[in-house]
Amino acid sequence: MDTDILISGGGVAGLTAAAAFGTKGFRVICVDSAPVAPEDQRSTAFLQPAIPVLEAAGLWDRLAPQAAPLQVMRIVDAGGPLPEARLVREFDAAEISDQPFGWNLPNMLLRKVMAARLEDLPNVTHLQGIGTARLATREAGARVALTDGTTVSARLVIAADGRDSPMRRAANIPVRVTRFGQKALAFSVTHDIPHQNVSTEVHRTGGPFTLVPLPDKDGTHRSAIVWMERGAEAERLRGLPPDQLSVAATERSAGILGTLKVDSPTGIFPIIAQVADRMASERLALMAEAAHVLPPIGAQGLNTSLADLAALLDLAHPDTLGNAAMLEAYHRRRHADVRTRAAAIRALNRTSMLSVPMMRDLRAFGLQALHGVTPVRRALMRAGLGR
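Criteria and thresholds
- Residues numbered from 1 in each chain as written.
- Predicted model: local features only at pLDDT ≥ 70, side-chain atom pairs only at ≥ 80, totals over all residues.
- Heavy atoms only, no water.
- Salt bridge = Lys/Arg side-chain N within 4 Å of Asp/Glu carboxyl O.
- Helix = DSSP H or I, 4+ residues; strand = E, 2+ residues; numbered from the N terminus.
- Buried < 20%, exposed > 50% of the residue type's maximum accessible area, 1.4 Å probe, protein only.
- Pairing = 2+ DSSP bridges.
- Axes fitted to C-alpha atoms, helices over the stretch in contact; angles between N-to-C directions.
- Phe/Tyr/Trp six-rings, centres within 6.5 Å; stacked < 30°, edge-to-face > 60°.
- Parallel < 35°, antiparallel > 145°, perpendicular 65-115°, else oblique.
- Left-handed = near helix turned anticlockwise from the far one by under 90°.
- Contact = heavy atoms within 4.5 Å.
- Polar contact = N/O pair within 3.5 Å; in protein donor to acceptor, adjacent residues only side chain to side chain.
- Expected span 1.5 Å × (residues − 1).
- Core = buried A, V, L, I, M, F, W, Y, C linked by side-chain atoms within 4.5 Å.

Asks: Looking at this model, I keep getting lost on the pattern of salt bridges. Mind explaining?
Replies: Close approach of charged atoms allows side chains with opposite charge to pair. Enumeration according to the criterion identifies 16 salt bridges in this entry. One salt bridge in this structure joins R111 and D32, with 3.4 Å as the shortest N-O distance. Here D32 lies in strand β2 (residues 28-32) and R111 lies in helix α4 (residues 107-119), a separation of 79 residues in the sequence. Pair check on accessibility: R111 and D32 agree, each one buried. One connected set of salt bridges, linked through shared partners, spans D308, R334, D337 and R341.

Laid out in structure tokens, this is it:
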């Protein structure tokens, strides 16, 4: 087979890339080896800068009616002797924009809508249940062996195939990994108090407990939860029956939305920070988790991935697609930003894990100081949006 672009990976980032490049007129093959796991209860918050990328891919009009807006980011410190809120600070998008910070959608819904979009694009082939195995490149192009024995020739290969990316390994690009000894639980809950489009991070110890708004269902208030804890504790929590996990989640949330009731399976995944030494090599561009893995704090993960895609779209021209100059420009444009964001998120995560009372008090003092200075508060909000 012959194509302009081969995308290795059919997660949210890979499917968005396939839709975006297909909409731009390129011939695209997207290979998608992993089926959607029913226990994947994660959701994705698309921040404002991500929306033009989704629009360019022909996706936002399909997703917007089902998205929950994120108008306010609320941080709660519950680091006192009891698991209750002792400091609450809110960051309202209205201070810096006439739009919300972003919009939240379940990952399973995203993949369904995105796969349907690819079916509408005659120049895009979506191969499900097939992965990439081997990569051979030369100045003029790349050849990729797929797991079904097929070989594809492409001018550009985009690796969006996860933290263990087979294409990154095939190109011998090293990664730098930080392990935190944490895991994250992901599930959804119903609750008594409406979320009012407020995303809440509750800090106590072990890692942040984040409640992200989901649309109400049949009049019932719902949120997605990402609960980061040290590995052994996360595994213990995952083993609890739903009613006991609901009690534990309600306590860990400091009761900010009232009583929580688990209404989905519970997924679990390890927390690491990982950055590739380079974003590109001959005829290959790394994006999303193939290039960088960030702890789920501040909705930076996929939004950083879509910033990768925005750069690739801007640099992709029919005459120079995948050549050395394009890929070197991509590396220069993205790598410094990725490293800076990874360093900041690593620091924030270590702060969120603090268990010594004096250090938790210092964390609360820092939050209060940052929120209390208007120019600093607004600068932090703009930085969170990637501006």
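Okay, back to it.
Asks: Mind showing me how you'd approach the sheet that holds strand β4 (residues 68-70) here?
Replies: Sheet strands pair by backbone hydrogen bonding; their relative direction is either parallel or antiparallel. If you walk across this open sheet you meet the three strands as β3-β7-β4, and the pairing is antiparallel. The open sheet terminates on both sides in strands that have one partner only, identified here as β3 (43-47) and β4. Taken pair by pair, the neighbouring strands of this sheet meet at an average axis angle of 30 degrees, ignoring direction. Relative to strand β7 (residues 102-106), β4 is paired through three bridges, and the arrangement is antiparallel.

Asks: How do you make sense of the packing of aromatic side chains when you look at a structure like this?
Replies: Each aromatic ring pair is summarised here by two numbers: the centre-to-centre distance and the angle between the ring planes. Taken as a whole, this structure holds three aromatic pairs when the rule is applied. Ring geometry for F21 and F26: centres 6.0 Å apart, planes at 65 degrees, overall edge-to-face. Arranged with centres 5.1 Å apart and planes meeting at 70 degrees, the rings of F209 and W227 form a pair that is edge-to-face. You can see F209 sitting in strand β14 (residues 209-217) and its partner W227 sitting in strand β15 (residues 220-230), a full 18 residues away along the chain. Among the residues examined, F209 registers a relative accessible area of 0% and is labelled buried.

Asks: Just checking my understanding: could you explain the packing of helix α1 (residues 12-23) against helix α8 (residues 301-315) for this structure?
Replies: If you want to describe how two helices pack, look at the angle between their axes and the distance between the axes. At a minimum axis separation of 10 Å, α1 and α8 run at an interaxial angle of 25 degrees. With respect to each other, α1 and α8 are oriented roughly parallel. Along this stretch, α1 crosses α8, giving a crossing that reads as right-handed. Facing α1, whose interface residues are V12, A13, T16, A17, A20 and F21, α8 presents L302, S305, L306, L309, L312 and L313.

Asks: It is not clear to me how the environment of T3 should be interpreted in this structure. Could you clarify?
Replies: Along the chain, T3 turns up in strand β1 (residues 2-8). Looking at T3, the relative accessible area reads 2%, which means it is buried. Once residues lying within four places of it in the same chain are set aside, the contact partners of T3 are R27, V28, I29, V152, S153, A154 and R155. Side-chain polar atoms of T3 contact the backbone oxygen of R27, separated by 2.9 Å.

Asks: Even after reading the chapter, I still don't get α8, so can you show me in this structure?
Replies: An α-helix turns once per 3.6 residues; consequently, residues spaced three or four apart project the same way. A rise of 1.5 Å per residue sets the reference length of α8, with its 15 residues, at 21 Å; its end C-alpha atoms lie 22 Å apart and thus fit the reference within 8%. Buried residues dominate α8, accounting for eleven of its 15 residues. What α8 keeps buried is the set L302, N303, T304, S305, L306, D308, L309, A311, L312, L313 and L315.

Asks: Is there a simple way to explain the pairing of β14 in this structure?
Replies: As a general feature of sheets, a regular strand has side chains that alternate between the two faces. The sheet contact formed by strand β13 (residues 198-203) and β14 spans three bridges and is antiparallel. By the bridge assignment for β14, T200 is matched with L211. Connecting β13 to the next strand, β14, in antiparallel fashion are five residues, including G206 with a positive phi near 90 degrees. Pairing of β14 with β15, which is carried by seven bridges, proceeds in the antiparallel orientation. Counted as the bridge partner of V212 is A224 from β15.

Asks: Just checking my understanding: could you explain the nonpolar core for this structure?
Replies: Inside soluble globular proteins, nonpolar side chains tend to come together where they are buried. Of all hydrophobic cores here, the largest spans 76 residues; its most connected members are I5, I7, F21, F46, M287, L309 and Y330. Looking at this core element by element, the count peaks at eight residues for α1. Those residues in contact with F21 that sit more than four places away from it in its chain are I5, F26, V28, I158, L309, L312, L313 and A316. Counting residues in each nonpolar core, the second largest holds 20 residues, with F209, I225, I256 and V262 among its members.

Asks: It is not clear to me how the side chain of S165 should be interpreted in this structure. Could you clarify?
Replies: By secondary structure assignment, the location of S165 is in the loop between β11 (151-159) and α5 (166-170). At 2.5 Å, the side chain of S165 and the side chain of D161 are in polar contact. In contact with S165, other than residues within four places in its own chain, are A159 and A290.

Asks: What's the story with the environment of G162 in this structure? I'm lost.
Replies: In this fold, G162 is placed in the loop between β11 and α5. Spatially, the C-alpha atoms of G162 and H292 are 8.9 Å apart, while their sequence positions differ by 130 residues.

Asks: Help me understand the pairing of strand β9 (residues 132-138), please; the structure alone is not making it clear to me.
Replies: Pairing of β9 with strand β10 (residues 141-146) involves six bridges; the strand directions are antiparallel. By the bridge assignment for β10, T137 is matched with A142. Linkage of β9 to β10, two consecutive antiparallel strands, is achieved through a turn of two residues.

Asks: Would you mind going over unusual backbone geometry with me for this structure?
Replies: Working note: non-glycine residues mostly have negative phi, and peptide bonds are mostly trans. Its identity as a non-glycine residue notwithstanding, N197 has a phi of 60 degrees, on the positive side. Tracing the backbone through its elements, the reader meets N197 in the loop between β12 (175-191) and β13. A relative accessible area of 26% places N197 in the partly exposed class. Although it is not a glycine, D218 adopts a positive phi angle of roughly 55 degrees. Note that D218 resides in the loop between β14 and β15.

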